[in-house]
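# Report on the structure
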Amino acid sequence: MRHSVSLASLLLRINRAAVTVAIGIVFIAIVVGSFVIGLQGLVETAHVQARVLADNSTAALHFQDKRAALEILGSLRHSPQVQSAELFGADDRSLARYVRAGATELGAPFSGTEGDSGPSPFFLHVRRVIVNADGRTGALFLTVGLDSLYRQTAWIAVIASIAALASLCVSSLLLRHLDRSVLGPLQALNKLMAKVHGQSDFTVRARGSHIAEIDALGRGFNQMIEKVQDRDRQLARLAFFDLLTGLPNRPAFLERLEREVQRAARGGQRLGLLFLDLDGFKQVNDTMGHDGGDRLLVEAAERICEALRPSDATARGASPACEPQSARLGGDEFTVLVPDLRDVGDVLVVARRIGDIMRRPFFIGGRELTITISIGAAVFPEDGRDVPTLLKHADTAMYDAKRCGRDNSRRYSATLAKPATERFGTHGEPASRTVRDAG
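Not measured: the values here are computed from a predicted model. (Residues numbered from 1 in each chain as written. Predicted model: local features only at pLDDT ≥ 70, side-chain atom pairs only at ≥ 80, totals over all residues. Heavy atoms only, no water.)

We now examine the overall build of the chain. The helix and strand tally for the chain stands at 9 helices and 12 strands. Every one of the 439 residues in the chain was classed for burial, and the buried ones make up 47%. A separation threshold of at least 6 residues defines the contact pool for the chain, and within that pool the share at least 24 residues apart is 65%. Per element, the accessible surface of the chain, about 22,400 Å² overall, is 55% carbon and sulfur. (Helix = DSSP H or I, 4+ residues; strand = E, 2+ residues; numbered from the N terminus. Buried < 20%, exposed > 50% of the residue type's maximum accessible area, 1.4 Å probe, protein only. Contact = heavy atoms within 4.5 Å. Areas by Shrake-Rupley, 256 points an atom, 1.4 Å probe, with all protein chains shown as cover.)

Core analysis: the largest hydrophobic core is formed by 34 residues, its most contacted members being Leu274, Leu276, Leu278, Ile304, Phe334, Val336 and Ile354. If you list the elements that add at least two residues to this core, you get β6 (270-279), α7 (281-307), β8 (333-341), α8 (346-358), β9 (362-364) and β11 (372-380). Broken down by element, this core gets its largest block of residues, 9 residues, from α7. Excluding residues within four positions of it along the chain, valine 336 makes contact with Gly272, Leu273, Leu274, Leu276, Ile304, Leu308, Gln325, Ser326 and Ile354. (Core = buried A, V, L, I, M, F, W, Y, C linked by side-chain atoms within 4.5 Å.)

Quick look at empty space enclosed by the protein now. Gaps between atoms show up when a probe of the same size as a water molecule is rolled over them. Tallying each qualifying case throughout the model produces 2 cavities of 30 Å³ or more. Surrounding the largest cavity, Ile23, Val26, Phe27, Ile30, Ala160, Ala163, Ala164, Ser167, Leu186 and Leu217 form its lining. For the lining of the largest cavity, the secondary-structure elements that each account for two or more residues are α1 (7-62) and α3 (147-173). (1 Å grid on protein atoms, 1.4 Å probe; cavity = no way out; pocket = protein on both sides within 12 Å on 5 of 7 lines; lining within 4 Å. Points joined across faces, edges and corners; volume = space filled by probe spheres on them.)

For a regular strand, side chains alternate in direction, first toward one face of the sheet and then toward the other. Within β11, 9 of the 9 residues are buried, leaving the element largely enclosed by the surrounding structure. The side-chain alternation of β11 yields two buried faces, one formed by Thr372, Ser374, Gly376, Ala378 and Phe380 and the other by Ile373, Ile375, Ala377 and Val379. As defined by bridge partners, β6 adjoins β11 across 9 bridges and the pair is classed as antiparallel. Looking at β11, one finds that leucine 273 is bridged to alanine 378. Relative to strand β12 (residues 409-411), β11 runs parallel, the two sharing 3 bridges. Looking at β12, one finds that alanine 377 is bridged to arginine 411. Taken together, β11, helix α9 (residues 387-403) and β12 constitute a β-α-β crossover, and its handedness is left-handed. (Pairing = 2+ DSSP bridges. Right-handed = clockwise from strand over helix to strand, strands pointing away.)

Here the structure, examined in full by the defined rule, presents 3 aromatic pairs. Among the aromatic residues, those joined into a ring-pair cluster are Phe35, Phe122 and Tyr150. (Phe/Tyr/Trp six-rings, centres within 6.5 Å; stacked < 30°, edge-to-face > 60°.)

This is the structure:
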């Protein structure tokens, strides 16, 4: 004789199985997804840090300046995930090493290649070869601990487990209420997680629920998404902003220049490009050290921004589509984009305003310094109709300003003799180079 069961019991069993499967999928998706996203963020951050350290260490490696190398590596004390870092010279000998207090593992052995090391359950090893125009100058090894990622994943797993158990208890008591109030939010959260994981859409947010466990799960999901967005914003700042001055860096400058040239071409407008170079900066570095030079660069960047205040933009229309923007290319070089010029000569009005404000005395380390600036200008479309041409012509004009006695500004003309072609790549991006001996 077959054993019969009640419909309520059958529905309860089916619902328990369905809830178990659904919660299991959500649990795995949240835990695995949070771990994968966290690991990806950690890897990207480690590579960005390695790239920044490698760029900053090129000069120290080239001149075998161990003190400068130790100062550069010492900045890692603000990154608690970094356990150790080591710089090697071109002869594969260690130049400088940083080890966080209590660290249990150092960098992986030198292999001469770039990228990540083999799998390690508790550490991520990043290798980056440092090269300049003369060839490889050394290598950087970075060891990043994964303990914080494991702790975060464990907490998410605990929260998800509590919510899953609570949901199963509720499902055994109130089948109809569970279907309406618990399974619905869980399924919605599962869809959000799938959207985040599959489409990388981090704008989604889980809605609140009157059930505490489901609401806690939603808050945990939202907090995870917000952390990912915070990470992306930090990575964007590392990738597109100069860490010293806070100005846009070389990639951000080139990206905006390309956009502004296209916008000016579509609207039949003029675009001004200024190349700025501090006069005598190398002497400041030599006499006051890199710390004094850095403080001078920060104050110089602030003065450039001060000269570009919207209220002072008298050389442009009353309601420009885009305000001027300054950027730091590297070293003591800055750029300024001036959209919506009314006249080709107006770009020099902005240049002279910057030159005037830069002549005010600087006070660095208790000393009064007088620093001037040489500025080259080019205007779209009169001085070039594409990015590479504008870059070359503005740089050529800046060199002419240097040659004519510094502390002045020059706009490009075809009569200028100094070529700038060798300073730019095939796509118009300024090539890496050493600091000018003349400042």
